[in-house]
Amino acid sequence: MTATVAALANASRVVALTRISSRHPNLTAIADATLAFAKHAKVSERIEVTNRIDSRRWQDVDLVAYCLQVGPISRSLIELLPSHAVVSLMAEPWELRPDVVDFDACDEAGIKVAAPNLSHPAIDLLPEFARLCCILLDEAGVDQRNARIAIVCDTPCAPSLEHMLRNGGGRVSVFSHPVLLTDDAWDVIVVAMRPSDKPPMDINTLGRIARNPRQALLVQFSGGIDRSAASYFGLRIWPPKRPTSGQLGLPLDVLGPAPMVRRLTGGLKAAEAAYRGAELGGDSVGFLVKAGSATVGRERA
């Protein structure tokens with residue numbers, strides 16, 4: 001989809017880089033599906049699908065879109081790019097693992113890194129994330145009406161999650177970190193944290209939850225839970241299968257194609273604006289991203 005979106009926006013050439021994996025072992029099938037969609041949109045002549053990085057052909061690339069399925073944007077790739085290139089995260093930094101882009105290599109090469117503003121009216125994904133969380137609760141068998149729900153959230157999703165769950169009839173409290181979670185008799189604890197190297201819901205927090213006679217159901221919407229510790233304490237977790245690091249408890253496309261299309265087009269538009277030197281930040285469609293000492297933050301263009 002991303003390749004076709006870029007071509008529809010009049011990119012002169014689009015290279016769709018993929019990789020062969022256990023999940024997608026057939027490169028030919030991937031290429032055929034990508035090009036069939038592009039052909040339907042009448043842009044297939046400008047799209048190439050490959051699983052190889054040809055150093056000579058990457059020297060005139062203007063925009064590079066990060067894709068979780070392909071992997072991190074490493075120093076070796078960044079060193080192939082011209083200094084005017086822009087890397088698009090295709091997500092806000094709080095959604096992603098810390099190692100998705102080698103920011104030091106970008107700084108050294110003078111390459112900008114842009115991210116979409118999910119709160120921008122043209123993208124507007126935070127309410128969609130809240131809808132997705134409600135679906136996850138429904139799948140877990142939670143009756144939200146009058147349920148005591150704790151949301152442990154350190155992302156911009158917190159207000160949308162609280163609003164949506166209150167509208168569903170839940171009695172909701174929000175905590176910005178697991179250490180702040182009170183020992184009330186919660187029915188559900190929604191974990192909506194940033195990805196991190198160590199699960200924020202660690203053995204100490206889980207031990208406190210387990211000591212409560214009314215053991216809450218843990219719902220992993222985002223961020224990590226120490227599932228070994230949870231199993232040791234006999235705590236219930238939904239979904240049963242651990243989400244991949246940096247992924248939500250349910251994929252966004254559960255809500256249909258529209259939210260994903262808005263994310264992809266927003267990510268490409270933010271990078272294109274940065275490439276053309278437009279002012280970003282504030283209420284614009286995106287912002288520039290710089291690596292800090294511990295976290296990744298925003299910066300105006």
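Positions within a chain are numbered from 1, following the residues in the order the chain's sequence is written. Only residues with pLDDT of at least 70 get local features here, since the model is predicted, and only at 80 or more are side-chain atom pairs given and counted; chain-wide, interface and lining totals rely on the full set of residues. Note: side-chain values were computed over all heavy atoms of the structure, leaving out hydrogens and water.

### What to know about the nonpolar core
Part 1: Counting residues in hydrophobic clusters, the biggest one holds 32 residues, and the most contacted among them are Phe129, Ile149, Ile151, Leu161, Val190 and Phe221.
Part 2: The helix and strand labels rest on DSSP assignments: H or I over at least four residues marks a helix, E over at least two residues marks a strand, and numbering proceeds from the N terminus. Counting residues per element, this core draws most heavily on helix α5 (residues 126-139), which supplies 8 residues.
Part 3: The contact partners of valine 190, leaving out residues within four places of it in the chain, are Cys133, Leu137, Ile149, Ala150, Ile151, Val152, Val219 and Phe221. Note on terminology: a nonpolar core comprises buried Ala, Val, Leu, Ile, Met, Phe, Trp, Tyr and Cys residues joined through side-chain atoms within 4.5 Å. Classification of residues uses two cut-offs on accessible area relative to the type maximum, computed with a 1.4 Å probe and protein chains only: under 20% is buried, over 50% is exposed, and between them is partly exposed. Residues count as neighbours in contact if any of their non-hydrogen atoms are within 4.5 Å of one another.

### Quick word on the packing of aromatic side chains
Any pair of aromatic rings gets described here by the distance separating the centres and the angle formed by the planes.
Part 1: A pair of aromatic rings is counted whenever rings of Phe, Tyr or Trp (Trp by its six-membered ring) have centres within 6.5 Å, and the orientation is called stacked for planes under 30 degrees apart, edge-to-face for over 60 and tilted otherwise. Enumeration over the complete set of coordinates arrives at 3 aromatic pairs.
Part 2: Measuring from ring centre to ring centre gives 6.2 Å for tryptophan 94 and phenylalanine 129, while their planes differ by 90°; the resulting arrangement is edge-to-face. Separated by 35 residues along the polypeptide, tryptophan 94 in the loop between β4 (86-88) and α4 (103-109) and phenylalanine 129 in helix α5 bring together distant segments of the chain.
Part 3: The residue whose ring lies beneath arginine 148 is tryptophan 186, and the NZ or CZ to ring-centre distance is 5.0 Å. Working rule: Lys NZ or Arg CZ, within 6 Å of ring centre, within 35 degrees of ring normal, means a charge sits over the ring.

### What about unusual backbone geometry?
Part 1: Across the junction of tryptophan 238 and proline 239, the peptide omega takes the value 0°, indicating a cis bond.
Part 2: Relative to the elements of secondary structure, proline 239 occurs in the loop between β10 (237-238) and α9 (257-275).
Part 3: The residue lysine 42 is not glycine, and still its phi comes out positive at about 65°.
Part 4: By secondary structure assignment, the location of lysine 42 is in the loop between α2 (27-40) and β2 (47-50).
Part 5: The residue methionine 90 is not glycine, and still its phi comes out positive at about 60°.
Part 6: Relative to the assigned elements, methionine 90 resides in the loop between β4 and α4.
Part 7: Overall, the relative accessible area of 7% leaves methionine 90 in the buried class.

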